[in-house]
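Structural features, examined
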Amino acid sequence: MANAPPRLTVAIIGAGVAGPAFGLQLLAHPRLAAHYRPILFDQTPDPALTTVAQERRSGRQPSAGAAVGIFANGLYPLYKLGLRTELEAVSTAFDSFRIFRCPTNGTHKQLAASQNPTWSAELQDAARTVSRADLQRVLLDAFYRHGGEVRWDKSLAGLRALDDGRTEVAFDDASTLAADLVVGADGGFSGVRRHVLHQRNASTAEERWLPDFVHQNWLLRDLSCARGAADLAAATETHALWLDGGVLSSAPLPGGRIRWDLILDAQDPPPTEDAVQSRLPTDAPAWATALMPSPYTVDDSIKVLRQFENVYHPTTGTFGTLLSYAERIIRRPLRQRVWNPDEIQHGSVVLIGDASRLMLPSSGQGTGFAIEDATLLARYLLTHHCESPSPERLRIALESHARERVPRSQKMARVAYWAGEMSIGRTWFWRVVRDWMPVDSRDRKKLSSTKDSWPFSGRFDVDS
């Protein structure tokens, strides 16, 4: 019997969520695993060997938020991969939700409450809130179990198309790799996307590369909180607190932690996207040591957060108490952009996750869509390229993937934008809408027949 041809090398740039999810889809499927050899590359050190303190001292901005939500459309592919038990062990179910109006003087008014608002009868589960680090670990552990390879501390230096259809990937340590397929999963400020845009039109590449600023600031922190100091019942709830010019949302995580987002109105982006080096002032509050490197000065971030210290919080009493338990605080300008099909694919290079579309956290779908990307890209390789590999067949597979993903992403981005405008209450109209918006208070888990609404109804599988 003739020897099987060597597996094609797939260089996946980025080992956050989209990258490991795609690599796992390749290795978990027998036919794909027989044809492709995925290798993950990431500019950061191995997270299993890195502490939060080391991350802070590195001066590098965190690549994403501390925790994420995954709804039915994102959970479905993960459960098909057999990760349900592992994911449930490190996440909490979104099964109780309350909305409050909370001025900065410490008063509050409950506006609405809902039980199991994200329950999916098909999955028999609600949306899950999970630390991004825990989700990454679940995916990487499964990737390793299937024989996957990860190379840490590998910063992308450039890409070069080769005459045989492959792409040479160069790293800043002077090492190179000739890859049959390059997948950019390197986030909203993707170096792989910069290469694709330059290949398409070098004169407009830089202006198309940067995501659009949407006049919102994001401060997010993964909180370590002793459950003994808080009401145990309240610590199981997810909350949205309408503020004056912003919104504070929070959700519990396993181990007595709370994930929160503070999104505020902002007129201008910071002057640079790079981390600003600044020292803690002598009178800084204790929680200021949790501030991670960001484009904003420490003084400015402290000033912003102090405005909301007295805001009521249903779990800990005040937002100031949340701050006192700070583990890390990330402040980023919020940007959003959905790149066109020809901007996320060229030749044997394609983008997935935030590299292909960067959405506001108000979408709740950044992680879910990244998992969808990983699943559908594997499907298109199986359908168009796996059994008859050629540069032309690969191009068809990648172009098909890009064309299918963009319309769904554009629709979700529009929803996210208007949800963000409503939640921060930029104008009196949006403040009225958010304060009087009707909320379905029925327990979805008890309804005889419920169907997931868009986009949660999406069900993506490699084989169908």
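Refer to the structure presented above.
I will try to describe carefully the structure that is included in this document.

Definitions and cut-offs
Residues numbered from 1 in each chain as written. Predicted model: local features only at pLDDT ≥ 70, side-chain atom pairs only at ≥ 80, totals over all residues. Heavy atoms only, no water. Helix = DSSP H or I, 4+ residues; strand = E, 2+ residues; numbered from the N terminus. Rg over C-alpha atoms; globule rule 2.2 N^0.38 Å. Contact = heavy atoms within 4.5 Å. Areas by Shrake-Rupley, 256 points an atom, 1.4 Å probe, with all protein chains shown as cover. Lys, Arg positive; Asp, Glu negative; His and termini not counted. Charge placed at Lys NZ, Arg CZ, Asp CG, Glu CD. Pairing = 2+ DSSP bridges. Axes fitted to C-alpha atoms, helices over the stretch in contact; angles between N-to-C directions. Buried < 20%, exposed > 50% of the residue type's maximum accessible area, 1.4 Å probe, protein only. Core = buried A, V, L, I, M, F, W, Y, C linked by side-chain atoms within 4.5 Å. Left-handed = near helix turned anticlockwise from the far one by under 90°. Nonpolar A, V, L, I, M, F, W, Y, C, P; charged D, E, K, R; others polar. Parallel < 35°, antiparallel > 145°, perpendicular 65-115°, else oblique. Polar contact = N/O pair within 3.5 Å; in protein donor to acceptor, adjacent residues only side chain to side chain.

The helix and strand tally for the protein stands at 13 helices and 22 strands. Its C-alpha atoms give the protein a radius of gyration of 22 Å, near enough to 23 Å, the size a compact globule of 464 residues would have. A principal-axis box enclosing the C-alpha atoms of the protein has dimensions of 75 × 55 × 40 Å. Of the contacts formed within the protein by residues at least 6 apart in sequence, a portion of 72% connects residues at least 24 apart. Accessible surface, the protein as shown: approximately 19,600 Å² in total, 51% of it carbon and sulfur. Here the protein carries 53 positive and 52 negative side-chain charges, and the mean point of each set is 3 Å from the other.

This brings us to the environment of Ile-344. Structurally, Ile-344 is set in the loop between strand E19 (328-338) and strand E20 (345-346). Ile-344 sits 54 residues away from Leu-398 along the chain, and the two C-alpha atoms are 9.4 Å apart. Apart from residues lying up to four places away in sequence, Ile-344 is in contact with Val-196, Trp-339, Val-349, Val-350, Leu-351, Ser-356, Ala-402 and Val-406.

The subject of this paragraph is the sheet that holds strand E3 (residues 67-70). Spatial ordering of the open sheet is given by E3-E7-E4, a layout of 3 strands whose pairing is antiparallel. Pairing within the sheet leaves two strands with one partner each, and these edge strands are E3 and strand E4 (91-93). On average, adjacent strands in this sheet sit at an angle of 25 degrees to one another, irrespective of strand direction. For E3 and strand E7 (residues 128-131), the ladder comprises 4 bridges, and the chain directions are antiparallel. Bridging across to E7, Ile-70 finds its partner in Arg-128. Together, E3 and E7 form the strand contacts of helix H4 (residues 72-80), whose direction differs from that of E3 by roughly 90 degrees. Lying over the sheet, helix H6 (residues 132-145) contacts E3 and E7, oriented at roughly 90 degrees with respect to E7.

Relative to the helices and strands, His-401 is located in helix H12 (residues 391-424). Owing to a relative accessible area of 1%, His-401 belongs among the buried residues under this scheme. Not counting the four nearest positions on each side in its chain, His-401 is found in contact with Val-350, Leu-351, Ile-352, Asp-373, Leu-376, Leu-377 and Tyr-380.

So, about the nonpolar core. Counting residues in each nonpolar core, the largest one holds 51 residues, and the members touching the most others are Phe-22, Leu-32, Leu-135, Val-183 and Leu-381. It is helix H11 (residues 366-384) that contributes the most residues to this core, 8 residues altogether. Excluding residues that lie within four positions of it along the chain, Leu-381 makes contacts with Phe-22, Leu-26, Leu-32, Tyr-36, Leu-181, Cys-386, Leu-394 and Ala-397.

Contact geometry of helix H1 (residues 18-28) with H11 gives a least axis separation of 8 Å together with a crossing angle of 35 degrees. Both H1 and H11 take part in a crossing whose hand is right-handed. Residues Ala-18, Ala-21, Phe-22, Gln-25 and Leu-26 of H1 form the contact with H11, whose participating residues are Ala-370, Ala-374, Thr-375, Leu-377, Ala-378 and Leu-381. Its residues assigned to classes, the contact of H1 with H11 comprises 9 nonpolar, 2 polar and no charged.

This part covers the environment of Val-349. Tracing the chain through its elements places Val-349 in strand E21 (residues 349-351). For Val-349 and Leu-398, which are 49 residues apart along the polypeptide, the C-alpha to C-alpha distance reads 7.9 Å. Val-349 has contacts with Thr-167, Val-182, Val-192, His-195, Val-196, Ile-344 and Leu-398, leaving out every residue within four places of it along the chain.

To continue, consider the packing of H1 against H6. The interhelical angle for the contact between H1 and H6, taken along N-to-C directions, is 30 degrees, at an axis separation of 9 Å. In this view, H1 runs roughly parallel relative to H6, as classed from their interaxial angle. The two elements H1 and H6 cross, and the hand of that crossing is left-handed. In contact with Pro-20, Ala-21, Gly-23, Leu-24 and Leu-27 of H1, H6 contributes Leu-139, Leu-140, Ala-142 and Phe-143. A class-by-class count of the residues in the contact of H1 with H6 yields 8 nonpolar, 1 polar and no charged.

Looking now at the sheet that holds strand E9 (residues 156-161). The strand order E9-E10-E11 describes an open sheet built from 3 strands, whose pairing is antiparallel. The open sheet terminates on both sides in strands that have one partner only, identified here as E9 and strand E11 (176-179). Mean inter-strand twist for the sheet, computed between neighbouring axes without regard to direction, equals 20 degrees. The pairing of E9 with strand E10 (residues 167-171) spans 5 bridges and is classified as antiparallel. Bridging from a neighbouring strand, Ala-161 pairs with Thr-167 of E10.

Turning next to the environment of Asp-452. With respect to the helices and strands, the residue Asp-452 is situated in the segment after helix H13 (428-436). Asp-452 sits 256 residues away from Val-196 along the chain, and the two C-alpha atoms are 36 Å apart. The contact partners of Asp-452, leaving out residues within four places of it in the chain, are Ala-72, Trp-119, Ser-120, Arg-444, Ser-457 and Arg-459. Reaching out from Asp-452, the side chain makes a polar contact with the side chain of Ser-120 at a distance of 2.9 Å.

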